[in-house]
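Okay, here's what each chain looks like letter by letter:
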Amino acid sequence: RSPDPVIGRRSLELKTAPQLQAMQRAGVVLSEALDATLAAAAPGVTTAELDAVFAGVLAERGATSNFLGYYDFPASICTSVNDEVVHGIPGDRVLQTGDVLKVDGGAIVDGWHADSARTVILGSSAAGTADPADERLSAITREALWVGIAAFASATHVGDIGDAIDEFVTAQPGEELGILEEYVGHGIGSAMHLPPDVFNYRTGHRGPKIRSGLALAIEPMLVRGSIDTKVLADDWTVVTLDGARASQWEHSVCRHDGGVWVLTAPDGGASELARFGVVPVPPGE
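If you're wondering where the values come from, they're calculated on a predicted model, not measured in any experiment.

Caption draft 1: Seen up close, the packing of helix α3 (residues 132–154) against helix α4 (residues 159–170). Two numbers describe how α3 lies on α4: the axes approach to 8 Å, and their chain directions differ by 145 degrees. Remark: the crossing between α3 and α4 carries right-handed chirality. Packed against α3, whose contacting residues are Ile140, Glu143, Ala144, Val147, Gly148, Ala151 and Phe152, the element α4 presents Asp160, Ile161, Ala164, Ile165, Phe168 and Val169 at the interface.

Caption draft 2: Quick peek at the pairing of strand β7 (residues 194–198). With three bridges joining them, strand β6 (residues 185–187) and β7 adopt antiparallel strand pairing. By the bridge assignment for β7, histidine 186 is matched with aspartate 197. Counting the residues between successive antiparallel strands, the hairpin from β6 to β7 contains six residues.

Caption draft 3: Main features of the packing of helix α1 (residues 17–40) against helix α2 (residues 47–60). Direction vectors running N to C along α1 and α2 enclose 150 degrees, while the axes themselves pass 8 Å from each other. Of the possible angle classes, the one that applies to α1 and α2 is roughly antiparallel. For the pair α1 and α2, the crossing hand works out as right-handed. Residues Val29, Leu30, Glu32, Ala33, Leu34, Ala36, Thr37 and Ala40 of α1 touch α2, and the partners they reach there are Leu50, Val53, Phe54, Val57 and Leu58.

Caption draft 4: Representation of the sheet that holds strand β4 (residues 112–121) within the structure. Read across the sheet, three strands follow the order β1-β3-β4 without closing on themselves; strand pairing throughout is antiparallel. Looking along the sheet, the strands with just one partner apiece sit at the ends: β1 (77–81) and β4. Between one strand and the next, the sheet's axes are offset by a mean angle of 15 degrees, whatever the strand orientation. Sheet analysis places β1 next to strand β3 (residues 100–109), joined by five bridges and oriented antiparallel. By the bridge assignment, serine 80 is partnered in β3 with lysine 102. Against the sheet, α1 touches β1, β3 and β4, its axis set at about 25 degrees to β4.

Calculation rules
By convention here, each chain's residues receive numbers from 1 onward along its written sequence. pLDDT decides what is reported in this predicted model: residues at 70 or higher carry local features, side-chain atom pairs at 80 or more are listed and counted, and totals for whole chains, interfaces and linings draw on all residues regardless. The basis for every side-chain value is the complete set of non-hydrogen atoms in the structure, without hydrogens or water. Comment: axis = line fitted to C-alpha atoms, over the contacting stretch for helices; angle = value between 0 and 180 degrees taken between N-to-C directions. In this description a helix means any DSSP run of H or I spanning at least four residues, a strand means any run of E spanning at least two, and both kinds are numbered starting from the N terminus. Rotating anticlockwise by less than a right angle from the far helix to the near helix defines a left-handed crossing, while the corresponding clockwise rotation defines a right-handed one. Any two residues having at least one pair of non-hydrogen atoms within 4.5 Å are treated as being in contact. When DSSP finds two or more bridges between two strands, those strands count as paired. Any angle that falls under 35 degrees is termed roughly parallel, while one over 145 is termed roughly antiparallel, one within 65 to 115 roughly perpendicular, and all others oblique.

Here you go:
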């Protein structure tokens, strides 16, 4: 669908170095909570049990969830399985071997937000317990995220991020993957969702100019089939119409006077960005 033509004219929230450092603290807590949650993900575990693990880590670290209660969302994370793309509600669903699980969560520290998502496959193709096409889907989605982050490091406009992701995904050999268009990334900071929208595909619009202090949640979502989706009766869970499996990867990232920093990666993204020639710099340095 066509992007909002006035998106570039909406004001952007530009953070100071201390504010970005608060976001960084939220991002570190969030990374730890996702680590614990994915470590607990296994066949026989319910998605509600994963939500409890995540919430426990936030409570231990003095952080709060920005998902819980958001437009009455009833949990601290989204757990989306297989053809569920995003916004799945944790509950009594029991995870199975071979499932493609997306965990999306957020944290608030001192009023500043972080948002991140990962995909995990419960099994492996080497052991014959996972579809290699699902592993490829997650790997390409994850790499698309880092391509987008690397683009953000030197981009002049937000639209450059979607251009880079689109170019990378469409160049992949083998089964064609669809880039979801109805759900996109966003600005983040004093609230979880702020302008601008961050498209994961080429729109023909340059988007807002990138300035120091801008923080974005970059989150490509790819599917193995059609990009057409619907929302289930719970008014949250988004599924593919054709039942194709999906993957989501997300990080919160900032640009500041010193460079770029991945707020939800403990090393600021250094290990992943090295192959792109990008050296991240913590805010305030």
